[in-house]
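Per-entry structural report
The residues making up each chain are set out below.
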Amino acid sequence: MWAQQQIHLRAYPRGFHLITDEIKQQLPQLADISVGLLHLFIQHTSASLTLNENADPTVRSDMEQHFNHFVPERSPYYVHTYEGDDDMPAHIKASLLGSSVTIPISQGRLALGIWQGIYLGEHRDHGGKRRLVATLQGE
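Scoring rules and cut-offs
- Residues numbered from 1 in each chain as written.
- Predicted model: local features only at pLDDT ≥ 70, side-chain atom pairs only at ≥ 80, totals over all residues.
- Heavy atoms only, no water.
- Phe/Tyr/Trp six-rings, centres within 6.5 Å; stacked < 30°, edge-to-face > 60°.
- Helix = DSSP H or I, 4+ residues; strand = E, 2+ residues; numbered from the N terminus.
- Buried < 20%, exposed > 50% of the residue type's maximum accessible area, 1.4 Å probe, protein only.
- Contact = heavy atoms within 4.5 Å.
- 1 Å grid on protein atoms, 1.4 Å probe; cavity = no way out; pocket = protein on both sides within 12 Å on 5 of 7 lines; lining within 4 Å.
- Points joined across faces, edges and corners; volume = space filled by probe spheres on them.
- Nonpolar A, V, L, I, M, F, W, Y, C, P; charged D, E, K, R; others polar.

This structure, assessed with the given rule, holds four aromatic pairs. Look at phenylalanine 16 and phenylalanine 67: their rings are 6.0 Å apart centre to centre, the planes differ by 45°, and that puts the pair in the tilted class. Remark: phenylalanine 67 occurs in helix H2 (residues 57-70) and phenylalanine 16 occurs in strand E2 (residues 15-18); sequence separation between them is 51 residues. Just as phenylalanine 16 is buried, phenylalanine 67 falls in that class too. On the numbers, 5.2 Å between centres and 80° between planes, the contact of tyrosine 77 with tyrosine 78 is edge-to-face.

The following block contains the structure:
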């Protein structure tokens, strides 16, 4: 079985956000898959998807602090600056972290590790609503 649908995420503030429950709520058909894969792809160039710690929110704030230090705003060598100081760094962060994740499905559930969750990396100050394409494969 193959299925594909769009997932709509509300606008989030800049930072890293745990969206695992939001994904599961919009994919009730996960319960019908005994073995398979979920592929999530974000349709934006200034936000990212990644997997990381799902329990301690300080991990998400530390991730934001690290990436802001690692990819600073207003670097003098940026040419792509006409959409704001956060735009070019957002593109770089999105490329570094990636635009997709693939997660196994086992017995109707995402087979994430006990401490793993799906993160939306919102790299713009005002990124707005985000769209994901969810592709399910399984039986």
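Read on for the rest.
Another aspect to go through is the side chain of aspartate 86. Relative to the helices and strands, aspartate 86 resides in the loop between H2 and helix H3 (87-97). Among the residues examined, aspartate 86 registers a relative accessible area of 6% and is labelled buried. Excluding anything up to four places from it in sequence, aspartate 86 contacts Arg14, Glu73, His123, Arg124, Asp125 and His126.

Below, the discussion takes up H3. When we look at burial in H3, the residues that qualify are Asp87, Pro89, Ala90, His91, Lys93, Ala94 and Leu97. For H3, the elements touching its buried residues are E2, strand E4 (47-53) and H2.

The subject of this paragraph is the layout of surface pockets. Put simply, the largest pocket is a space of about 220 Å³. Together, 13 residues line the largest pocket, and Thr20, Lys24, Arg109, Leu110 and Leu112 are the ones closest to its centre. Secondary-structure elements contributing two or more residues to the lining of the largest pocket are helix H1 (20-25) and strand E6 (109-110). Ranked by residue count, the leading element in the lining of the largest pocket is H1, at three residues. Looking at the lining of the largest pocket residue by residue, the classes come out as five nonpolar, five polar and three charged.

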